[in-house]
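# A look at the structure
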Amino acid sequence: MNFQLIGVNHKSAPVEVRERLALADSRLADACKRLTEQPGVEEGMILSTCNRVEVLARTVNGTADLRGFIGQFFKLDPAELDSYFYEYREQDVVRHVFRVTSSLDSMVVGEPQILGQVKEAYAVARAVGSVHSQLDSLLTRAFAVAKRVRTETAVGSSAVSVASVAVELAKKIFGSLHGKSVYLVGAGKMSELAARHLLAHGAASIFVANRTYDRAVELARKFSGKAIVFEQLYETCDRADIVLTSTGAPHAIFRREHGELFLARRRNRPMFFIDIAVPRDVDPEVNKLDGIFVYDIDDLQQAVSGHVADRKKEAERAEAIVANEVERFQARLQTLGVVPTIVSLQDHLETIRQAEIDRVRGRLGELSPDQELAVDALTKGIINKIMHTPITTLKSAARESEATTVIDLVRRLFNLQDKKAEDKSNSASSAGAKN
Amino acid sequence: MPLLWLRVALGFYAVGLLYALLALTRRSELLNRIGLPAMVLGMVFQFVSLTEFLLLSDHPTLTSVHNSESLLALMIMVLFMIVYLIYRTTSPGIVIFPIVFLLAFVAATGEQPSLFVTPGVKKSWLFAHIALVFTGYAALFLSFGASLLYLVQERSLKSKKSNGIRSRLPALETIDEIGYRSLLLGFPFMTLGLIAGTVVAQATYGRVNLLDPKILLSVLMWAVYLIMLYTRWNAGWRGRRAAYLATFAFVAAVVAWAANYFSGIHRFVSS
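These remarks concern the structure in this document. (Residues numbered from 1 in each chain as written. Chains lettered and ligands numbered in written order. Predicted model: local features only at pLDDT ≥ 70, side-chain atom pairs only at ≥ 80, totals over all residues.)

## What to know about the overall build of chain B
Counting its secondary structure elements, chain B contains nine helices and zero strands. When the elements of chain B are put in sequence order from the N terminus, they spell out α-α-α-α-α-α-α-α-α. Burial analysis of chain B (271 residues in total) assigns 46% to the buried set. (Helix = DSSP H or I, 4+ residues; strand = E, 2+ residues; numbered from the N terminus. Buried ≥ 20, exposed ≤ 12 C-beta atoms within 10 Å, placed from the backbone.)

In structure tokens form, the structure reads like this:
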């Protein structure tokens, strides 16, 4: 099957590195296309969330240079980031994709966003045609596995999301959230979720600023909050006790001087910045100011590690489901792998049978329809009897590691050509026949 | 007898001290459960000790060095209990309990008090002076404790490591509120107490020597107190800057207290 995957995630690389590989949604389709243009890559898709960037591909012989693609696409020297990448092949890819989609590899195990993010990435890749056959089955299966994990274990049901961790921290700063106001900068799904959490715990008012004003208005209406024109961000931000920022800005939008300004206007009342954007929206310098607390996505991870431990048992059950599914998928794919061989074997024998019957027909003379049927049944029967064991063996061999050897052997024994090559020669010969 | 009760109280305060020493480093359920009751019992015994002293003494007065230390410890504990009843947190005890223990320890182990008797001073004024100033002191100490805890909690939140300290201390704004409210509460007491002191001094000496170390230090402490309130109210100073001021005020208070030993007018030892 020749699956390959390379990527960075919140465990393998710090925010600074992930920032450099983050891919805006608008560039995703282009990136998928460019990936499939890479030598040796037959199918490919790219997943880019704030916690991970992964390049997944099915390749001709499992040795495509995905690292090179990353270097080329992001215009950086891959050697520089070498130590942050993880790479998987074959069934490890299957396991990884299943785990990611089921949210077992998430920063907050069981958080629900990742499934949607994988689905979006898949939809983009499908739309540009960079995913069509085996990767398609892999992803489709992954969604089914995610569903199984969610329904059969408690991993997702009581998932502490980043949002609830943020609420906990806010409570440790403000005591109670009653009467506190929340400022959403950037109107992403994630910040919407976090805002919902904060409101549920008593936060009073909400401001929304977004580069696209309409989106801000829309979101503000949802929470009966107030939409703010993005240009007025710095003039209005000091009104908020909690700032949730998740813009796609390439540089920090809150710097030290902004923090100082807010503090002066607020008479040093504390402020809590929750930065779930990658690249980060808040300069780490801001955290050094007295009275401002900045937590970025990596910090939130540290804060939730305790909860992850609580959920260890459920996670183990989920891992078992994934392991089981990996095996099943493997078996199915490999059985699929021998199907073309079996089909061409059968075709091959059928051609021989037809040819032989045509050859002796002259000597047999005129046959009654009954006799005609009998000859057919006889020859077919012989072939089926002989082929029964080889085909069964092929199917079962497919599930084992020797699959390719057995397939090769059968192809050589019967001189079977590649399906594609065969088609080509067939069309060539038929074209010749017409002339 | 009063001394015996005070020593019993000291024993209970020692448990509180232990609680304070351990609370920041590890979590001990046992100590958590006995820490507060022990301090309450200590308070009760100290109250008994003080009352008994007042009733038994021929010249019932609070103006002996040791009784006043005992009284200050009691006042601090009373304020601590008020905070506990409002906020349900024993965290200020981390700073407060050692102070209380120290005061009770000095009161219980020192020599028997020598009384300072100033004939002609109106008893009620003297009593008012002491009670008011001590309430002010107690509030100041509590505020000092709160600002130290604020620093600890702030650092814990900034370091982003979810260690035990964070979960054991109250929320940052709660600590801040405790500190600020103590300050607000203490200031009028301190001011009135100093005014009462002036009245006493004038009644005793007719004229107050402003260059007396005790008076200078008291005024200095009062000024710092005022600055703390002002910066907090006007600029919202809290955290590190507020802690510096609180520490300064605390030191000034301790020195002003110590000045009793070398002040010309505020002596306990009659010469």
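## Section: the interface of chain B and chain A
With 16 residues of chain B at the interface, the matching set in chain A holds 18 residues. If one sorts the elements of the side of chain B that touches chain A by residue count, helix α7 (residues 172-205) of chain B sits on top with three residues. (Contact = placed C-beta atoms within 7 Å.)

## Let's talk about unusual backbone geometry
Residue and element names in this part refer to chain A. In this model, lysine 75 sits at a positive phi of 55°, which is unusual for a non-glycine residue. Checked against the element boundaries, lysine 75 lands in the loop between α3 (66-73) and α4 (78-81). Despite not being glycine, asparagine 268 shows a phi value in the positive range, around 65°. Note that asparagine 268 resides in the loop between α12 (256-265) and β9 (271-275). You can call asparagine 268 buried: it has 22 C-beta atoms within 10 Å.

## Focus on the sheet that holds strand β4 (residues 86-89) of chain A
Residues and elements named next belong to chain A. Taking strand neighbours across the sheet as the criterion, the four strands line up as β2-β3-β1-β4 in an open arrangement whose pairing is antiparallel. Where the open sheet ends on each side, the last strands, each with one partner, are β2 (41-48) and β4. Within this sheet the neighbouring strands show an average axis-to-axis angle of 15°, counted without direction. Both β2 and strand β3 (residues 52-59) contribute to a ladder of seven bridges, which runs antiparallel. (Pairing = 2+ DSSP bridges. Axes fitted to C-alpha atoms, helices over the stretch in contact; angles between N-to-C directions.)

## What about the sheet that holds β9 of chain A?
Residue and element names in this part refer to chain A. Strands sit in the order β7-β6-β5-β8-β9-β10 across an open sheet of six strands; the sheet is parallel. Of all the strands in the sheet, the pair left with one neighbour each is β7 (226-229) and β10 (292-296). For this sheet the average axis-to-axis angle between neighbouring strands, irrespective of direction, equals 20°. The sheet contact formed by strand β6 (residues 205-210) and β7 spans four bridges and is parallel. Each bridged residue has a counterpart across the sheet, and for alanine 209 the counterpart in β7 is isoleucine 228. Against the sheet, helix α10 (residues 213-222) touches β5 (181-185), β6 and β7, its axis set at about 160° to β6.

## Description of the environment of threonine 63 of chain A
Mapped onto the elements of the fold, threonine 63 of chain A is located in the loop between β3 and α3. On the basis of neighbour count, threonine 63 of chain A is assigned to the exposed category, with 11 C-beta atoms found within 10 Å.

## Comments concerning the packing of helix α2 (residues 25-37) of chain A against helix α6 (residues 113-127) of chain A
The angle between the axes and the distance between the axes are what describe a pair of packed helices. All names here are of chain A. At a minimum axis distance of 9 Å, the contact between α2 and α6 shows a crossing angle of 55°. Here α2 lies oblique to α6, going by the angle between them. The element α2 and its partner α6 pack so that their crossing is right-handed. Residue-level contacts link Leu28, Ala29 and Cys32 of α2 to Ala121, Val124, Ala125 and Ala127 of α6. Class assignment for the residues of the contact of α2 with α6 results in seven nonpolar, no polar and no charged. (Parallel < 35°, antiparallel > 145°, perpendicular 65-115°, else oblique. Left-handed = near helix turned anticlockwise from the far one by under 90°. Nonpolar A, V, L, I, M, F, W, Y, C, P; charged D, E, K, R; others polar.)

## Observations regarding the pairing of strand β8 (residues 242-245) of chain A
Residues and elements named next belong to chain A. Taking every second residue as pointing to the same face, both faces of β8 are buried, with Ile242 and Leu244 on one and Val243 and Thr245 on the other. In this structure, β5 lies alongside β8, joined through four bridges in parallel fashion. Counted as the bridge partner of valine 185 is threonine 245 from β8. Bridge count between β8 and β9: four bridges; the pairing is parallel. By the bridge assignment for β9, valine 243 is matched with phenylalanine 273. Handedness of the β8-α12-β9 crossover: right-handed. (Right-handed = clockwise from strand over helix to strand, strands pointing away.)

## A closer look at α3 of chain A
Listed in full, the buried residues belonging to α3 of chain A are Leu66, Phe69 and Ile70 of chain A. The arc that holds the buried residues of α3 of chain A, viewed along the axis, is 100°, so those residues lie on one side. (Arc of directions from axis to C-beta.)

## Things to note about the environment of alanine 315 of chain A
Tracing the backbone through its elements, the reader meets alanine 315 of chain A in helix α14 (residues 312-364). A C-alpha to C-alpha distance of 7.0 Å links alanine 315 of chain A and leucine 104 of chain A, two positions 211 residues apart in sequence.

## Quick word on the packing of helix α5 (residues 90-101) of chain A against helix α7 (residues 134-152) of chain A
Residue and element names in this part refer to chain A. Their axes nearest at 8 Å, the elements α5 and α7 cross at an angle of 45°. One way to sum up the angle between α5 and α7 is to call them oblique. Along this stretch, α5 crosses α7, giving a crossing that reads as right-handed. Along its contact with α5, which presents Val94, Val97, Phe98 and Thr101, the element α7 presents Leu138, Ala142, Phe143, Val145 and Ala146. A breakdown of the residues in the contact of α5 with α7 according to their chemical character gives eight nonpolar, one polar and no charged.

## Quick word on the nonpolar core
Counting residues in each nonpolar core, the largest one holds 135 residues, and the members touching the most others are Leu184, Val208 and Phe273 of chain A together with Ile76, Val100 and Ala104 of chain B. Ranked by residue count, the leading element in this core is helix α5 (residues 123-159) of chain B, at 16 residues. Excluding anything up to four places from it in sequence, phenylalanine 273 of chain A contacts Val243, Thr245, Phe254, Val282, Val286, Ile292, Phe293 and Val294 of chain A. Ranked by size, the runner-up nonpolar core spans 50 residues in total, among them Ala13, Ala125, Leu135 and Val145 of chain A. (Core = buried A, V, L, I, M, F, W, Y, C linked by C-beta atoms within 7 Å.)

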